[in-house]
Amino acid sequence: MKHQNNHTHTLILAPGEGRLYPCGTMTAVFKADENETDKKYSISEWWLAPNSDGPGAHLHEANDEVFYVLEGTVTFLVGEKWVDAEKGTFLRIPANTVHDFKNRTGQKTGVLNFFIPGGFERNMPAIVQWFKDNR
């Protein structure tokens, strides 16, 4: 995915700005991707509607993920354990660790995600299509 910006440009995005990807009851907002970070990381926000599931349990063989809870309380699966993470909570999930997240509350929740190294955004068109077809 190519953009007008590359890794030598400064990025400044106002709240809500970025590349939006609707995924059922989730919305992903990509702030910076591999083209803009020289493939070092991708950064996105993930917003979940009240009482909604996330992406489903999965792992990434070669990528660490960092999550920071922006709003509300998000419930994360890390390995075999579910953890309630309130606003301000930081999580680092190493490669090859099964994980998921969901919103078990009656309020909208959001997390900031760093995907290391970058490239996750390449999956987004297929993920959006999967949600259109299956949920």
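Remember, it's a predicted structure, so these values are computed and weren't measured experimentally. (Residues numbered from 1 in each chain as written. Predicted model: local features only at pLDDT ≥ 70, side-chain atom pairs only at ≥ 80, totals over all residues. Heavy atoms only, no water.)

Draft legend 1. Structural view of the sheet that holds strand β3 (residues 42-48). On the basis of which strands lie adjacent, the open sheet formed by 6 strands has the order β1-β2-β3-β9-β4-β7 and antiparallel pairing. With one partner strand each, in any of the chains shown, β1 (19-23) and β7 (90-93) form the two edges of the open sheet. Going across the sheet, the axis of each strand differs from the next one's by a mean of 20 degrees, ignoring polarity. (Pairing = 2+ DSSP bridges. Helix = DSSP H or I, 4+ residues; strand = E, 2+ residues; numbered from the N terminus. Axes fitted to C-alpha atoms, helices over the stretch in contact; angles between N-to-C directions.)

Draft legend 2. Broad picture of the side chain of T109. Relative to the helices and strands, T109 is located in strand β9 (residues 109-116). Taking the relative accessible area as the measure of exposure, T109 reaches 0% and is therefore buried. Within polar-contact distance, the side chain of T109 engages the side chain of N103 at 3.3 Å. If we skip the residues at most four places from it in the chain, T109 touches W46, W47, L48, E71, G72, T73, V74 and N103. (Buried < 20%, exposed > 50% of the residue type's maximum accessible area, 1.4 Å probe, protein only. Polar contact = N/O pair within 3.5 Å; in protein donor to acceptor, adjacent residues only side chain to side chain. Contact = heavy atoms within 4.5 Å.)

Draft legend 3. Representation of the pairing of strand β4 (residues 64-71) in the model. Inspection of the sheet shows β4 paired to β9 by 7 bridges, in the antiparallel sense. Counterpart to E65 in the pairing with β9 is F115. Relative to β7, β4 is paired through 4 bridges, and the arrangement is antiparallel. Within the sheet, the bridge partner assigned to F67 lies in β7 and is L91.

Draft legend 4. Region of the structure containing the pattern of salt bridges. Summed over all chains, the structure comprises 6 salt bridges. Residue R19 pairs with E36 through a salt bridge whose shortest N-O separation is 2.9 Å. Taken as a pair, R19 in strand β1 and E36 in helix α1 (residues 34-37) lie far apart in primary sequence, 17 residues in all. Under the relative-accessibility criterion, E36 is labelled buried at 6%. The partner of K31 in a salt bridge is E45, and the shortest N-O contact between them spans 3.8 Å. With a gap of 14 residues between them, K31 in strand β2 (residues 26-32) and E45 in strand β3 connect regions that are remote in the sequence. Both residues of the pair, K31 and E45, count as buried. Salt bridges sharing partners connect three or more residues here, namely R19, D33 and E36. (Salt bridge = Lys/Arg side-chain N within 4 Å of Asp/Glu carboxyl O.)

Taken by themselves, the reported measurements are silent on function.
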